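Working through the structure, step by step
Each chain, letter by letter, is given below.
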Amino acid sequence: TFTESQESNYPPGCYKYSSSKYYFNTNLQSSVECSVGEPCLCAAAQPPPPPLQGHVEVSRGTCAELLPQTDCEILADQASATFTESQESNYPPGCYKYSSSKYYFNTNLQSSVECSVGEPCLCAAAQPPPPPLQGHVEVSRGTCAELLPQTDCEILADQASATFTESQE
C-alpha cells in the first residue's frame, strides 16, 4: 500500500510506524525526533565496494559466459597491464591474456578458437544472488544523521512484508 501525505508531527524520512507499516515523511523540515515507538530507519555509512570479482581464468575450452569488455579493461588496469581491443579470427572471443602484461578483448565473438594455457581466457563467473538490502540503522532517539532514500525504505517495508506509505508530516 502506498499513501502520500504531508504533516509535521512525525520524524522526517523513513520511519517504522509498526512492524507492519513503514512511512516515508517527505516533510524534511519536520523537527520531530525518532522514538522507540516510531524508530527512524537511517542511512548508514557504506563500506567501499569490493575489488572487481566474478571472473574465472579458463585455460581449456571456451567461456560459458564472456566477461564484459569494461571488466576486462579493469582487470588489465589492476594487473598494470596494457589493454587492447581487437577483432581476430585466430584468438578466442572476449577477454584473454596474451601475457601477464597484455590483455586483449576480441570483439570477433564468432571466433571458434579455444582458450589455452598460453592465452587463457578471463570469463564471467556465476554471480550469487544480491545480498539483502543493507546500510541502514534503526534510531530510537534523536534524528538521522543521513536520511535513508525513499526507495530503500520501500524495499525494507517489502522485505518485512509491511505496508509502505509516503507521508509529509
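Residues numbered from 1 in each chain as written. Predicted model: local features only at pLDDT ≥ 70, side-chain atom pairs only at ≥ 80, totals over all residues. Heavy atoms only, no water.

1. Looking at the pairing of strand β10 (residues 163-167)
Here is the rule we go by: Relative accessibility under 20% of the residue-type maximum defines a buried residue, over 50% an exposed one, and the middle range a partly exposed one, all with a 1.4 Å probe and only protein chains included. Numbered from the N terminus, helices here are DSSP runs of H or I no shorter than four residues, and strands are runs of E no shorter than two. A pair of strands is treated as paired once DSSP finds two or more bridges between them.
Within β10, four of the five residues are buried, which leaves it mostly tucked inside the rest of the structure. Pairing of strand β2 (residues 21-25) with β10 involves five bridges; the strand directions are parallel. Note that in β10 the partner of K21 across the bridge is T163.

2. Some thoughts on unusual backbone geometry
Phi is positive for S80, which is not a glycine, with a value near 55°. Looking at the element boundaries, S80 is found in the loop between α1 (69-78) and β5 (82-86). Among the residues examined, S80 registers a relative accessible area of 68% and is labelled exposed. With phi around 55°, S161 is a residue other than glycine that occupies positive phi space.

3. Looking at α1
What counts here: The arc refers to the directions leading from the helix axis to the C-beta atoms. By the convention used here, residues are in contact when the closest approach between their heavy atoms is within 4.5 Å.
Turning to α1, its buried residues number three or more, namely D71, C72, L75 and A76. Taken around the axis of α1, the buried residues stretch over an arc of 140°, which confines them to a single face. Residues of α1 that are buried make contact with β4 (55-58), β5, β6 (94-99), β7 (102-106) and β8 (121-124). Looking one or two residues past α1, S80 carries a phi angle of roughly 55°, positive in sign.

4. Observations regarding the pattern of salt bridges
The cut-off we apply is this: The term salt bridge refers to a side-chain nitrogen of Lys or Arg lying within 4 Å of a carboxyl oxygen of Asp or Glu.
Summed over the entire model, instances satisfying the criterion amount to two salt bridges. Between E138 and K16 there is a salt bridge, and its shortest N-O distance comes to 3.0 Å. Linking E138 in strand β9 (residues 136-139) with K16 in strand β1 (residues 13-18), this pair joins segments that are 122 residues apart in sequence.

5. Digging into the side chain of N25
Rules: As used in this structure description, the phrase polar contact means that two N or O atoms lie within 3.5 Å; if the pair is within protein, one of them must be able to donate a hydrogen and the other to accept it, and residues adjacent in sequence are counted only when both atoms belong to side chains.
Within the secondary structure layout, N25 lies in strand β2. A distance of 3.0 Å separates a polar atom in the side chain of N25 from the backbone nitrogen of N27.

6. Observations regarding the side chain of N108
Position of N108 among the secondary structure elements: in the loop between β7 and β8. Take N108: its relative accessible area is 17%, and that puts it in the buried class. Here the side chain of N108 touches Q110 through a polar contact of 3.2 Å, landing on its backbone nitrogen. Filtering out sequence-adjacent residues up to four positions away, N108 remains in contact with S86, Q87, E88, S89 and P93.

7. Focus: the packing of aromatic side chains
The test is simple: Planes of paired rings set the category: under 30 degrees apart is stacked, over 60 is edge-to-face and the rest tilted, where pairs are Phe, Tyr or Trp rings (Trp by its six-membered ring) whose centres lie within 6.5 Å.
Within this structure, the stated rule accounts for eight aromatic pairs. Relative to Y96, the ring of Y91 has its centre 5.5 Å away and its plane inclined at 5°; by these criteria the two rings are stacked. With centroids separated by 6.3 Å and ring planes inclined at 70°, the aromatic side chains of Y91 and Y98 adopt a geometry described as edge-to-face. Judged by its relative accessible area of 38%, Y98 falls in the partly exposed class. One aromatic cluster in this structure is built from Y10, Y15, Y17 and Y23.

8. Focus: helix α2 (residues 150-159)
Because the α-helix completes a turn every 3.6 residues, residues three or four places apart line up on one side. When we look at burial in α2, the residues that qualify are C153, L156 and A157. For α2, the arc enclosing every buried residue in end-on projection is 100°, short of the 170-degree limit, so these residues lie on one face. Where α2 is buried, its residues touch β1, β2, β3 (40-43), β9 and β10. Downstream of α2 by one or two residues, S161 has phi in the positive range, about 55°.

9. Brief notes about the pairing of β6
One ladder, built from five bridges, connects β6 with β7; its direction is antiparallel. Paired with K97 across the bridge in β7 is Y103.

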